[in-house]
Amino acid sequence: MAPHGTRRSLSALFTVVLTFVLLAVPACVPGVEAPPPPVRTAPAHQSDPRTAYGAYVGYGADAVRRVAGFGAWLGRPEPRVGHAYLPGDTWGDIEGVSSDLDQWAEWRRAEQDRLLVLNVPMLDRNEAHLPDDVVRAELGDGADGRYDDHFRALAERLVQLGAPDTEIVLGWEMNGITYSHRCAPAPDAWKQYWTRIVTAMRSVPGQHFRFDFTPNRGLDAIPWTDCYPGDRWVDVIGMDAYDAPRGLPFTDQLTEPYGLLAQADFARAHHKLIAYPEWGLFDNGDNPTYVRGMLTWMAGRHPLYQTISDYCPHGVWRCRDNPRSSAVYRELTDHQQ
């Protein structure tokens, strides 16, 4: 993190920029078995000043089709980003055995410049609300290499499906309390486990994965910087940034400890790209000021990609509870693409 004085200076500067920024800044705002599809040889990832945009519209077969619907709603071509999740109930889920992954890989292969963003749990029973002592033991087993083969299997499957450059959002929101793959019960084991997963997946021939370290915005249960596993094993500094808690204005979401400015400062210090795999409305209801703030912030920062969570209460297309925010999203996306 940058020193507090630096953050305050950046905050003051951004307040001015946010007031006067031009919305036209070019930025973002997702019998006999048939043989497997040919593996596409993916080039190394290259930096692109344009932010790829999309929306999380579900992870099943219907969601693959909804990506085009989101673009049609905006009056634009299909978004470049498709955002999916692997269920975390079983290790088979995490190995990608579901047929949904086949369809997302097919979507990715259809256009060269598409980006498949895949949230990957670090532990099975990932939403079972396991107690801290169980999580601590599981993280320790992971750090010792017990689960390496599961992630190697996932990497092999993605390469076989022709999606070897998938963006892996590994162990997302680790600084919170929602998921079993949370960091707070054992930060050192968590970091060691992350490095084992990345090492296992990178060992698979033909892969070109990028790994996104993506905490919740803000402090939450533990400072997310305490969970950072090191530059060698991270490619992108992400952030899930919802409009919460109630009453917190967007300017404070920027400047709060471990908030959006802290993310940008941290990424710059570590020479990493930034991204926003999840963002959207939440505790403050239909809040067009937040949507305008997020889109303007991202227009000035040029993240690698951003995908709004498009379901109620967060979304702007499929959620009819947010008509004013929806209008702002369409307006600014039209100016910024």
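Residues numbered from 1 in each chain as written. Predicted model: local features only at pLDDT ≥ 70, side-chain atom pairs only at ≥ 80, totals over all residues. Heavy atoms only, no water.

A.B. asks: How would you summarise the state of the cysteines if you had to cite specific residues and measurements?
C.D. replies: Scanning the entire structure with this criterion turns up two disulfides. One disulfide bridge connects Cys-183 with Cys-227, the sulfur atoms lying 2.3 Å from each other. One quick way to see it: the torsion about the S-S bond of Cys-183 and Cys-227 is about -105 degrees, and its sign makes the bridge left-handed. Of the two residues, Cys-183 is situated in the loop between β4 (167-170) and α7 (187-202) and Cys-227 in the loop between β5 (210-213) and β6 (236-242); the sequence distance between them amounts to 44 residues. Looking at Cys-183, the relative accessible area reads 0%, which means it is buried. Judged by its relative accessible area of 0%, Cys-227 is buried. Here Cys-312 connects covalently by a disulfide to Cys-319, the sulfurs 1.9 Å from one another. A torsion of 105 degrees about the S-S bond marks the disulfide between Cys-312 and Cys-319 as right-handed. Under the relative-accessibility criterion, Cys-319 is labelled buried at 3%. Cysteine pairing for the protein (bonded cysteines numbered in sequence order): 1-2, 3-4. (Disulfide = S-S within 2.5 Å. Helix = DSSP H or I, 4+ residues; strand = E, 2+ residues; numbered from the N terminus. Buried < 20%, exposed > 50% of the residue type's maximum accessible area, 1.4 Å probe, protein only.)

A.B. asks: Give a detailed account of helix α6 (residues 148-160), specifying residues and quantitative values.
C.D. replies: An α-helical segment advances 3.6 residues per turn. Residues three or four places apart therefore align on the same side. An ideal rise of 1.5 Å per residue puts 18 Å on 13 residues; α6 measures up with 18 Å between its terminal C-alpha atoms. Regarding α6, the residues found buried are Asp-148, His-150, Phe-151, Leu-154, Ala-155, Arg-157, Leu-158 and Val-159. The first or second residue beyond α6 is Gly-162, which carries a positive phi of 85 degrees. (Expected span 1.5 Å × (residues − 1).)

A.B. asks: Which residues make up the packing of aromatic side chains, and what values do they have?
C.D. replies: Taken as a whole and assessed by the stated rule, the structure comprises 26 aromatic pairs. Ring geometry for Tyr-53 and Phe-70: centres 6.4 Å apart, planes at 50 degrees, overall tilted. Residue Tyr-53 is located in strand β1 (residues 52-56), and its partner Phe-70 is located in helix α2 (residues 61-74); the two are separated by 17 residues in the primary sequence. An identical accessibility class is assigned to Tyr-53 and Phe-70; each is buried. Between Phe-70 and Trp-317, the aromatic rings sit 5.8 Å apart at their centres with planes inclined by 65 degrees, giving edge-to-face as the arrangement. Of this pair, Phe-70 sits in helix α2 while Trp-317 is found in the loop between β8 (305-309) and α11 (323-336), placing the two residues 247 residues apart along the sequence. Residue Trp-317 is classed as partly exposed on the basis of its relative accessible area of 24%. Three or more aromatic residues joined by ring pairs form one cluster here, namely Tyr-53, Phe-70, Trp-73, Phe-250, Trp-279, Tyr-290, Trp-317 and Tyr-329. (Phe/Tyr/Trp six-rings, centres within 6.5 Å; stacked < 30°, edge-to-face > 60°.)

A.B. asks: Residues and numbers for the pairing of β1, please.
C.D. replies: The element β1 is extensively covered by neighbouring structure, given that five of its five residues are classed as buried. The two faces of β1 match: Ala-52, Gly-54 and Tyr-56 on one face and Tyr-53 and Ala-55 on the other face are all buried. Of the strand pairs in this sheet, β1 and β8 are connected by five bridges, and their pairing is parallel. The residue bridging Ala-52 from the neighbouring strand is Tyr-305, located in β8. Of the pairings in the sheet, the one linking β1 to strand β2 (residues 81-85) comprises two bridges and is parallel in character. (Pairing = 2+ DSSP bridges.)

A.B. asks: Tell me what's going on with the pattern of salt bridges, and back it up with residues and numbers.
C.D. replies: Scanning all chains against the criterion turns up 19 salt bridges. Between Asp-62 and Arg-65 there is a salt bridge, and its shortest N-O distance comes to 2.3 Å. With Asp-62 and Arg-65 both in helix α2 and three residues apart, the pair spans about one turn of that helix. On the basis of relative accessible area, Asp-62 is assigned to the partly exposed category, the value being 44%. The exposure class assigned to Arg-65 is exposed, which follows from its relative accessible area of 54%. We note a salt bridge from Lys-191 to Asp-188, for which the minimum N-O separation is 3.8 Å. (Salt bridge = Lys/Arg side-chain N within 4 Å of Asp/Glu carboxyl O.)

A.B. asks: For empty space enclosed by the protein, give the residues involved together with the corresponding values.
C.D. replies: By volume, the largest cavity amounts to about 80 Å³. Mapped by element, the contributors of at least two residues to the lining of the largest cavity are β2, α4 (99-110) and β3 (115-120). For the lining of the largest cavity, the leading source of residues is α4, giving three residues. Taken together, the residues of the lining of the largest cavity break down into nine nonpolar, two polar and one charged. (1 Å grid on protein atoms, 1.4 Å probe; cavity = no way out; pocket = protein on both sides within 12 Å on 5 of 7 lines; lining within 4 Å. Points joined across faces, edges and corners; volume = space filled by probe spheres on them. Nonpolar A, V, L, I, M, F, W, Y, C, P; charged D, E, K, R; others polar.)

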